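Chain by chain, the residues run as shown.
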Amino acid sequence: MPDTNGASPQGAPALSLGPQAIPKRPKSYDKMVGLVLQGGGALGSYQAGVYETLAESEYLPDWVAGISIGAINAAIIAGNAPEHRVEKLRGFWEAVTAPPGPWLSWLDTAFAGLPTQRRQAASTAALMFGQAGFFAPRPAATWLFGEKPTSFYDTAALRGTLEAFVDFDRINAGTTRLAVGAVNVRTGNFAWFDSLDMTIRPEHVMASGALPPGFPAVEIDGEYYWDGGLVSNTPLHYVLNKVPRRSRLTFQVDVFHARGQVPTTLDAVQEREKDIRYSSRTRVTTETARLMHDVRHNINTLWDKLPEELRNTPEGRFLYNFGCVTTMDIAQLIYRPERMEGQSKDYEFSRATMKERWAQGHADALETLIASPWLAPMPEMAGARTFDVAGERMRAARLALGGE
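The rules behind each value
Residues numbered from 1 in each chain as written. Predicted model: local features only at pLDDT ≥ 70, side-chain atom pairs only at ≥ 80, totals over all residues. Heavy atoms only, no water. Helix = DSSP H or I, 4+ residues; strand = E, 2+ residues; numbered from the N terminus. Rg over C-alpha atoms; globule rule 2.2 N^0.38 Å. Buried < 20%, exposed > 50% of the residue type's maximum accessible area, 1.4 Å probe, protein only. Contact = heavy atoms within 4.5 Å. Lys, Arg positive; Asp, Glu negative; His and termini not counted. Charge placed at Lys NZ, Arg CZ, Asp CG, Glu CD. Salt bridge = Lys/Arg side-chain N within 4 Å of Asp/Glu carboxyl O. Polar contact = N/O pair within 3.5 Å; in protein donor to acceptor, adjacent residues only side chain to side chain. Phe/Tyr/Trp six-rings, centres within 6.5 Å; stacked < 30°, edge-to-face > 60°. Patch = residues over 30% accessible without salt bridge, like charges linked within 9 Å, V, L, I, M, F, W, Y side chains within 5 Å. Areas by Shrake-Rupley, 256 points an atom, 1.4 Å probe, with all protein chains shown as cover. 1 Å grid on protein atoms, 1.4 Å probe; cavity = no way out; pocket = protein on both sides within 12 Å on 5 of 7 lines; lining within 4 Å. Points joined across faces, edges and corners; volume = space filled by probe spheres on them. Nonpolar A, V, L, I, M, F, W, Y, C, P; charged D, E, K, R; others polar. Pairing = 2+ DSSP bridges. Axes fitted to C-alpha atoms, helices over the stretch in contact; angles between N-to-C directions. Parallel < 35°, antiparallel > 145°, perpendicular 65-115°, else oblique. Core = buried A, V, L, I, M, F, W, Y, C linked by side-chain atoms within 4.5 Å.

Asks: Talk me through the overall build of the protein; I want residue IDs and the actual numbers.
Replies: When helices and strands are counted, the protein shows 15 helices and 11 strands. For 404 residues, the compact-globule estimate of 2.2 N^0.38 gives 22 Å, and the protein sits close to it at 22 Å. Considering only C-alpha atoms, the protein reaches an extent of 75 × 55 × 40 Å along its principal axes. Relative to its 404 residues, the protein shows a buried fraction of 51%. Long-range contacts, defined as pairs at least 24 residues apart, comprise 75% of the intrachain contacts of the protein with a sequence gap of at least 6. Charged side chains of the protein number 41 positive and 45 negative; the gap between the two group centres comes to 1 Å.

Asks: Outline the side chain of Arg-119, supporting the account with residue identities and numerical values.
Replies: Along the chain, Arg-119 falls in helix α5 (residues 115-129). For the buried Arg-119, which has no salt bridge, the nearest side chain bearing the opposite charge is Glu-348, at an N-O separation of 4.8 Å. A polar contact of 3.2 Å, which involves the side chain of Arg-119, links it to the backbone oxygen of Met-340. Look past the residues within four positions of Arg-119 in its chain and what remains in contact with it is Arg-339, Met-340, Glu-341, Glu-348 and Thr-353.

Asks: Now, about the packing of aromatic side chains: what can you tell me, with residues and values included?
Replies: With the rule as written, the count across this model stands at 21 aromatic pairs. Taking the centre distance of 6.3 Å and the plane angle of 75 degrees together, the rings of Tyr-59 and Phe-251 count as edge-to-face. Of this pair, Tyr-59 sits in the loop between α1 (45-54) and β2 (63-66) while Phe-251 sits in strand β9 (residues 248-254); the two residues are 192 residues apart in sequence, bridging distant segments of the chain. Its relative accessible area of 1% is what places Tyr-59 among the buried residues.

Asks: Residues and numbers for a nonpolar patch on the surface, please.
Replies: Together, Trp-143, Leu-144, Phe-145 and Phe-152 make up an exposed nonpolar region whose accessible area comes to about 490 Å². You can see Phe-145 is positioned in the loop between α6 (140-144) and β4 (153-154).

Asks: Run through the side chain of Glu-348, naming residues and quoting values.
Replies: With respect to the helices, strands and loops of the structure, Glu-348 is situated in the loop between β10 (328-334) and α14 (351-371). Within the buried core, Glu-348 has no salt-bridge partner, and the shortest N-O distance to an opposite charge, that of Arg-357, equals 4.4 Å. Not counting the four nearest positions on each side in its chain, Glu-348 is found in contact with Ala-42, Arg-119, Ala-122, Ser-123, Thr-353 and Arg-357.

Asks: Summarise the layout of surface pockets; cite the residues concerned and give the values.
Replies: Its boundaries defined by the atoms lining it, the largest pocket holds a volume of some 760 Å³. Elements with a minimum of two residues in the lining of the largest pocket: α2 (69-78), α5 and α11 (266-303). No other element matches α11, which puts 4 residues into the lining of the largest pocket. Its residues assigned to classes, the lining of the largest pocket comprises 22 nonpolar, 9 polar and 5 charged.

Asks: Talk me through the pairing of strand β6 (residues 190-194); I want residue IDs and the actual numbers.
Replies: The pairing of strand β5 (residues 177-184) with β6 spans 5 bridges and is classified as antiparallel. Paired with Ala-179 across the bridge in β6 is Asp-194. Hairpin connection from β5 to β6: 5 residues lie between these consecutive antiparallel strands, with Gly-188 at a positive phi of about 75 degrees.

Asks: Any details on the pattern of salt bridges? Residues and values, ideally.
Replies: The full count for this structure, using the stated rule, is 22 salt bridges. Between Lys-274 and Asp-346 there is a salt bridge whose closest N-O contact spans 3.0 Å. With Lys-274 in helix α11 and Asp-346 in the loop between β10 and α14, this pair connects stretches of sequence that are 72 residues apart. Between Lys-345 and Asp-275 there is a salt bridge whose closest N-O contact spans 2.7 Å. Placement of the pair is Lys-345 in the loop between β10 and α14 and Asp-275 in helix α11, with a sequence separation of 70 residues. We note that Lys-345, like Asp-275, is buried. One salt-bridge network, in which partners are shared between bridges, spans Arg-159, Arg-201, Glu-203 and Asp-221.

Asks: Tell me about the environment of Phe-193, and please be specific about residues and values.
Replies: Structurally, Phe-193 is set in strand β6. Overall, Phe-193 belongs to the buried group, its relative accessible area being 5%. In this structure, the C-alpha to C-alpha distance between Phe-193 and Ala-182, residues 11 residues apart in sequence, is 8.0 Å. When near neighbours in sequence (up to four residues on either side) are disregarded, Phe-193 contacts Leu-178, Ala-179, Val-180, Ala-182, Met-198, Ile-200, His-204, Ala-207, Ile-220 and Tyr-225.

Asks: Describe the packing of α14 against helix α15 (residues 389-400), listing the residues and the values that go with them.
Replies: Following both chains from N to C, one finds α14 and α15 inclined at 95 degrees, their axes separated by 8 Å at the closest point. In terms of their interaxial angle, α14 and α15 are classed as roughly perpendicular. The segment α14 lies against α15, with Asp-364, Glu-367, Thr-368 and Ala-371 engaging Val-389, Ala-390 and Arg-393. Here the contact of α14 with α15 is composed, by residue class, of 3 nonpolar, 1 polar and 3 charged.

Asks: Would you mind going over the nonpolar core in detail, with residue names and values included?
Replies: Judged by nonpolar contacts, the single largest core of 67 residues is most densely connected at Leu-35, Ile-72, Trp-93, Phe-134, Phe-193, Phe-251 and Trp-374. Once residues within four sequence positions are removed from consideration, Trp-93 is found in contact with Gly-41, Ala-42, Gly-44, Ser-45, Ala-48, Ile-69, Asn-73, Phe-349, Met-354 and Trp-358. Formed by 12 residues, the second largest nonpolar core is a distinct cluster that contains Ala-65, Met-328, Ile-330 and Ala-384.

Function-wise, these values are silent; they only describe arrangement.
Here's what the structure looks like:
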């Protein structure tokens, strides 16, 4: 039978190897390394777990790009020295998963061993009271007597949190490149804030995560911006297509998964809809990027075989501009929880759930690095290839159990 929601089916092998099993990176594998982080609110602790494993390897990213919560994680990574990144990520996630008030400190203890009830209680608390250091509900008086707000929550606290965990001077010094995506509210156009081209400030990161109507638009230099996930929830396209291109291994970390069964409750319907909406955008972006780079690669190969008279035609010169000598490897890491988590999973900030997601990200990344499928020779006609190590293992387990 197929698994319930893209998770490991019962009987799938568990990984027991430690970081010492991560193979050394061969000197012959000289591609640059990118890390792209999808938006997904509370699900972002999975990305932090993935990075913890990367930090134990020889694949530290030279470029980190993110949208929404992915932008926050990306800023923490780019904005700290490699030896402090995991510590800062952990500090951030412990800060924003603290109970929103001392009167709620009993939540995790009260629901120990009851994950469904814990998730429901934590997400309800987030809706009612916000999350420490992240967002807070606007006072009732604001709605009754003040100027009518354009969001349900205030995110002013997030600026202080970013300044506590991110060294923006380090980002702007260019040690590790950072790019975060947002949407211009006035024009509807996507905007990339890239440390290679501009000075990055806390408001650029906040804008990338300003999802309406929950969070307010963020003003930057006279323009207002919303969450980049309104247009595209993954930065992969930007990283692969930004000129000048470099041959690159990109770790693509997504927190919404595509596979699942037909839901039988309203809550499951809402969760399934959210997974499909965000995972489908990412899959289209990934497949389009892979196909386009295959085309670029083959144009470049074909160009060397064309006679001079064809190269000098308008059509020849047009094609030449699309050619590219680079090759791309994309390692996908996708959060696939073991059980349904409900439609509120992206704003369920309990400390216990955060640790579970972090641990799964660490394990998935470890499995991927141990396999290192990108070390196999690149097929002659391929410009880009994708790998989903955990997904392939799960598919094999489903087949062994008689599933699809």
